[in-house]
Amino acid sequence: QVQLVESGGGLVQAGGSLRLSCAPSGSIDNMYNMGWYRQPPGKQRELVAVIISVKSGSTNYGESVKGRFTISTDIAKNTVYLQMNSLKPEDTALYYCTATNLRSQIYWGQGTQVTVSS
């Protein structure tokens, strides 16, 4: 079964940057949207950023990351990226990649840990 594989997480000081990547382990046809969610310790999973439509490129961001994070995609590779700048300790979380195709099949990654030290 195809899975999404995230990479790029790690430990960074506040004010620093990280770039997350996510790619499928196999072929996913007709990708419709791709995005990132995160789950801070002891809290619920929340939206970080999503490309609502890979065809149009329209995006949506969580309020807490607007102006600091940028989502982008390489459609040919079905890969989605998350550039995270000006990181804060409250950005510490397990970051998950997700993707949906036109048949409404939803894929999730296993998550990559981002830890921001103060």
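Here's a quick rundown of the structure. (Residues numbered from 1 in each chain as written. Predicted model: local features only at pLDDT ≥ 70, side-chain atom pairs only at ≥ 80, totals over all residues. Heavy atoms only, no water.)

**A closer look at the side chain of Thr92**
Stated formally: By the criteria applied, helices consist of DSSP H or I runs no shorter than four residues and strands consist of E runs no shorter than two, each listed in order from the N terminus. The definition of a polar contact used here is a pair of N or O atoms within 3.5 Å, where within protein one atom must be able to donate a hydrogen and the other to accept one, and adjacent residues in sequence count solely through side-chain atom pairs. Should any heavy atoms of two residues lie within 4.5 Å, those residues are counted as being in contact.
Position of Thr92 relative to the elements: it lies in the loop between strand E8 (79-84) and strand E9 (93-101). Of note is the side chain of Thr92, whose polar atom sits 2.9 Å from the backbone oxygen of Pro89. A polar contact of 2.9 Å, which involves the side chain of Thr92, links it to the backbone nitrogen of Val116. In contact with Thr92, not counting residues within four places along its chain, are Pro40, Pro41, Gln113, Val114, Thr115 and Val116.

**Quick look at the sheet that holds E8**
Rules: Paired strands, in this sense, are two strands between which DSSP finds at least two bridges. Inter-axis angles, ranging from 0 to 180 degrees, are taken between N-to-C directions of lines fitted to C-alpha atoms, where helices are fitted over the stretch in contact.
Pairing in this open sheet of four strands is antiparallel, and the strands run E1-E3-E8-E7 from one edge to the other. The open sheet terminates on both sides in strands that have one partner only, identified here as strand E1 (4-7) and strand E7 (69-74). Across this sheet, the average inter-strand angle for adjacent strands is 15°, counted without regard to direction. Looking at chain direction, E1 and strand E3 (residues 18-24) are connected through four bridges and run antiparallel. Residue pairing for E3: Ser7 is matched across the bridge by Ser21.

**Description of the nonpolar core**
Worth spelling out the cut-off: Residues enter a nonpolar core if they are buried and are Ala, Val, Leu, Ile, Met, Phe, Trp, Tyr or Cys, with the set joined through side-chain atoms within 4.5 Å. A simple rule labels every residue: compare its accessible area, found with a 1.4 Å probe on the protein chains alone, to the largest value its type can have, and call it buried under 20%, exposed over 50%, or partly exposed in between.
Among the nonpolar cores identified, the biggest contains 28 residues, and Trp36, Leu82, Met84 and Tyr95 are the most heavily contacted of them. Sorting the residues of this core by element identifies E3, strand E4 (31-39), strand E5 (46-51), E7, E8, E9 and strand E11 (112-117) as the ones contributing at least two each. For this core, the element with the highest residue contribution is E9, accounting for four residues.

**Some remarks on the side chain of Ser53**
As for its placement among the helices and strands, Ser53 is situated in the loop between E5 and strand E6 (59-61). Leave out the neighbours within four places in its chain, and Ser53 touches Tyr32, Asn33 and Ser58.

**Brief notes about the state of the cysteines**
Heads up, the rule is: Here, the term disulfide refers to a pair of cysteine sulfur atoms separated by no more than 2.5 Å.
Enumeration over the complete set of coordinates arrives at one disulfide. Put simply, Cys22 and Cys97 are joined by a disulfide, and their sulfur atoms are 2.0 Å apart. Here Cys22 and Cys97 share a disulfide; its torsion about the S-S bond, -80°, makes the bridge left-handed. Here Cys97 lies in strand E9 and Cys22 lies in strand E3, a separation of 75 residues in the sequence. Here Cys22 and Cys97 have matching classes, each one buried.

**Some thoughts on unusual backbone geometry**
With a phi angle near 50°, Asn78 is a residue other than glycine that sits in the positive phi range. Note on placement: Asn78 falls in the loop between E7 and E8. With relative accessibility at 16%, the residue Asn78 sits in the buried group. For Ser86, which is not a glycine, the phi torsion comes out positive at approximately 50°. Structurally, the position occupied by Ser86 is in the loop between E8 and E9.

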